[in-house]
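# Fold and geometry: a report
The chain contents come next:
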Amino acid sequence: MGLGSTRSFGERPETPLIAAILAGRWIRGAAVDDPRGRRWIANPDARGRSALAVAEPASLYAGAAGIVLFFLELAAATGHEAYLDDARRGACHLAATWPDQADLTLYHGLTGTVVTLIEAGWALGDGRFEETAVAAADRIVRAARPLDGGPGWTADPAQRGDGGIVLGLLRAATALGVPAYEEIAVAAGERIAALAVPGHRFGDCPDLPTDAVTPGFLAGTAGTAFLLARLYAVTGERRFLEAAERGAGFVREVSTVTRRCAIVPHHVPQGRSLHYLGFCSGSAGVARMFYELYRVTGDAGHLDWVERLANGVLQSGAPRRRTPGFWNTACQCCGTAGLLELFTGLWAVTGKDAYLTFAGGLAEHLIGAAADPDGRGLRWYQAYRRLRPGEVSADTGYMVGAAGIGAALLRLDAAQRPHEARRGILLPDNPFPSILVPPGRLRDAAE
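The model shown is predicted, which means the values in this text are computed figures rather than measured ones. (Residues numbered from 1 in each chain as written. Predicted model: local features only at pLDDT ≥ 70, side-chain atom pairs only at ≥ 80, totals over all residues. Heavy atoms only, no water.)

## Considerations on the overall build of the protein
Along its length, the protein carries 15 helices and 6 strands. C-alpha extents for the protein along the principal axes are approximately 55 × 55 × 50 Å. The proportion of buried residues among the 447 residues of the protein is 60%. If you take every contact in the protein between residues at least 6 apart in sequence, the share linking residues at least 24 apart comes to 65%. Accessible surface for the protein amounts to roughly 16700 Å². Of this, 51% is attributable to carbon and sulfur atoms. Once the 45 positive and 46 negative side-chain charges of the protein are each reduced to a mean point, those two points are 5 Å apart. (Helix = DSSP H or I, 4+ residues; strand = E, 2+ residues; numbered from the N terminus. Buried < 20%, exposed > 50% of the residue type's maximum accessible area, 1.4 Å probe, protein only. Contact = heavy atoms within 4.5 Å. Areas by Shrake-Rupley, 256 points an atom, 1.4 Å probe, with all protein chains shown as cover. Lys, Arg positive; Asp, Glu negative; His and termini not counted. Charge placed at Lys NZ, Arg CZ, Asp CG, Glu CD.)

So, in structure tokens, the structure goes:
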């Protein structure tokens, strides 16, 4: 399906690829150009309101950085140069405006811009983006401050804080060939590894008690343990592995296990009966931690826990059955697209057809839930905030909207085309293969 193709308002897309193209159409309609490049409105609907309380025009989570990555993947999937132009213009805007970013974190700040500029430079063959990524990463390194036990930036060990910055610097060290980035990342990781349990207390979160401990991924123990396992892979130093295992042990201890299924509480001790399924605080994210531990140790017990968490999702009735931890959300952060990422990744590492089949069902549900009331392209209306079900909106961004949903659909499309061996652009906290096809299936396709 080409860029100029049209569809009637009531017609549904037939495949994940077509759905991603139509999501791209809606996002392209949100473009705003200026002399510095291109950015995108969070919600271009008439009187549209973004799910986020504070605008993040450049962020990986909800702004230009994530949308650039989506257009790079869409260009690879379709071969259309116009999508590369979208990505190039967005990367130019990021390259021109990165000094204005005060937030340094991965999902909401400058580290995400560094990751995106690295990918844009590689895909577009433009060394200027990589040069800018170096300048931005240098600023992140200079911004590190002494904390109790070592350097850091936010004093938050979770992925939403220092953990995400460390992962981004590790990616930058490898991609840009700057050993100093790895050195500061390891030093910051040593401080995190010294924590008794590498978790996180929400503290100032208005929706949770101040003493709530979160075992989840984006703002909790599992994401921090993932980071420590990654540091063990980079350094071979057992103190990182031991700390990661402590975090994994805590997650196992607080989880509910029934036969071959496991589900993780959103927070303890108060929220033991609230079980998210998505990436940020639920099974889809926690499974990444256990898979990373399996990847770096070869311990089959960790892979067993990945599959227990997947079985918990399968037994939940998702995506059609809504629960307090899986509500009206489609996005990567806490919704169906995050589950799609998990099951496509599991297919790639296990070759079990049941996972690919379930991923296909998730995609069908996402496509069926999409809206195109005005012929401008697909979008997903959702109640992003669980505790505010009446606030329904559609966003263009990566973790919260159409760009990330489209990227998840593109990866399923790649998994369904093993003969193409197409590379997905995975974020630093995604441990699954970038070519989302089991090795045996790749060989079969080649023969």
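## Here's the deal with the packing of aromatic side chains
One pass over the structure, following the stated rule, counts 13 aromatic pairs. Ring geometry for F217 versus F226: centroids 5.6 Å apart, planes at 70°, classification edge-to-face. You can call F217 buried: its relative accessible area is 0%. On the accessibility criterion, F226 (0% relative accessible area) is buried. (Phe/Tyr/Trp six-rings, centres within 6.5 Å; stacked < 30°, edge-to-face > 60°.)

## Quick notes on helix α12 (residues 336-350)
Under the 1.5 Å per step criterion, the end-to-end length of α12 is 21 Å for 15 residues, consistent within 8% with the ideal 21 Å. Where α12 ends, the next residue or the one after it, G351, has phi of about 70°, a positive value. (Expected span 1.5 Å × (residues − 1).)

## Let's talk about the layout of surface pockets
Considering only enclosed or pocket space, the second largest pocket measures out at about 470 Å³ in volume. Considering the residues around the second largest pocket, the lining is formed by 21 residues, among which L170, R171, T174, R230 and P428 are closest to the centre. For the lining of the second largest pocket, the element with the highest residue contribution is helix α6 (residues 162-176), accounting for 6 residues. (1 Å grid on protein atoms, 1.4 Å probe; cavity = no way out; pocket = protein on both sides within 12 Å on 5 of 7 lines; lining within 4 Å. Points joined across faces, edges and corners; volume = space filled by probe spheres on them.)

## Quick notes on empty space enclosed by the protein
Within this structure, the stated rule accounts for 4 cavities of 30 Å³ or more. Each pocket or cavity is described by its volume, and for the largest cavity that value is around 80 Å³. Partitioned by chemical class, the residues of the lining of the largest cavity number 7 nonpolar, 2 polar and 4 charged. Here the second largest cavity is characterised by a volume of approximately 50 Å³. Looking at the lining of the second largest cavity, the elements with two or more residues in it are α2 (64-78) and α14 (402-415). (Nonpolar A, V, L, I, M, F, W, Y, C, P; charged D, E, K, R; others polar.)

## A word on the packing of helix α1 (residues 16-28) against α14
One can describe the packing of α1 onto α14 by two numbers: an axis separation of 8 Å at closest approach and a directional angle of 155°. The pairing of α1 with α14 is recorded here as roughly antiparallel in orientation. For the pair α1 and α14, the sense of crossing is left-handed. Across the interface between the two elements, P16, L17, A19, A20, A23, W26 and I27 from α1 touch A402, A403, G406, L409, L410, L412 and D413 from α14. Split by residue class, the contact of α1 with α14 holds 12 nonpolar, 1 polar and 1 charged. (Axes fitted to C-alpha atoms, helices over the stretch in contact; angles between N-to-C directions. Parallel < 35°, antiparallel > 145°, perpendicular 65-115°, else oblique. Left-handed = near helix turned anticlockwise from the far one by under 90°.)

## Overview of the packing of helix α7 (residues 179-193) against helix α9 (residues 238-254)
Relative orientation of the contacting elements α7 and α9 amounts to 45°, with a least axis distance of 10 Å. In terms of orientation, α7 and α9 fall into the oblique class. Pair α7 / α9 crosses with left-handed handedness. Between α7, through V186, G189, E190 and A193, and α9, the contact on the second element is made entirely by R239, F240, A243 and R246.

## As for the confidence of the model for the protein
When the pLDDT values of the protein are averaged, the result is 93; 94% of them are 70 or greater. Under a pLDDT of 50 for its full length, residues 4-10 has, in the predicted model, 12 contacts with residues more than four places off or in other chains. (pLDDT = per-residue confidence, 0-100.)

## Describing the environment of P209
On the secondary structure map, P209 appears in the loop between α7 and α8 (221-235). In this structure, P209 is in contact with H267 and Q270, ignoring residues within four places of it in sequence.

## A look at the pairing of strand β1 (residues 31-34)
On a regular strand, one side chain projects to one face of the sheet and the next to the other, so that they alternate. When β1 meets strand β2 (residues 37-40), the two strands line up antiparallel, connected through 4 bridges. Bridge assignment links A31 to a residue of β2, and that residue is W40. The turn joining β1 and β2, which pair antiparallel and follow one another in sequence, is formed by 2 residues. (Pairing = 2+ DSSP bridges.)

## Considerations on the environment of D162
Mapped onto the elements of the fold, D162 is located in helix α6. For D162, a relative accessible area of 0% gives the class buried. Through-space distance from the C-alpha of D162 to that of A188 is 7.9 Å; in sequence the pair is 26 residues apart. Apart from the residues within four sequence positions on either side, D162 is in contact with L147, G152, W153, T154, A155, D156, R191 and I192.

## Comments concerning the state of the cysteines
Counted under the stated rule, the structure contains 0 disulfides. Distance from the sulfur of C331, which forms no disulfide, to the nearest cysteine sulfur (C334) is 3.9 Å. The thiol of C333 is unpaired, and the distance to the nearest cysteine sulfur, on C280, comes to 3.9 Å. (Disulfide = S-S within 2.5 Å.)

## Quick word on the side chain of E307
Structurally, the position occupied by E307 is in helix α11 (residues 300-316). With residues near it in sequence (within four places) discarded, E307 still touches R260, K352 and Y355.

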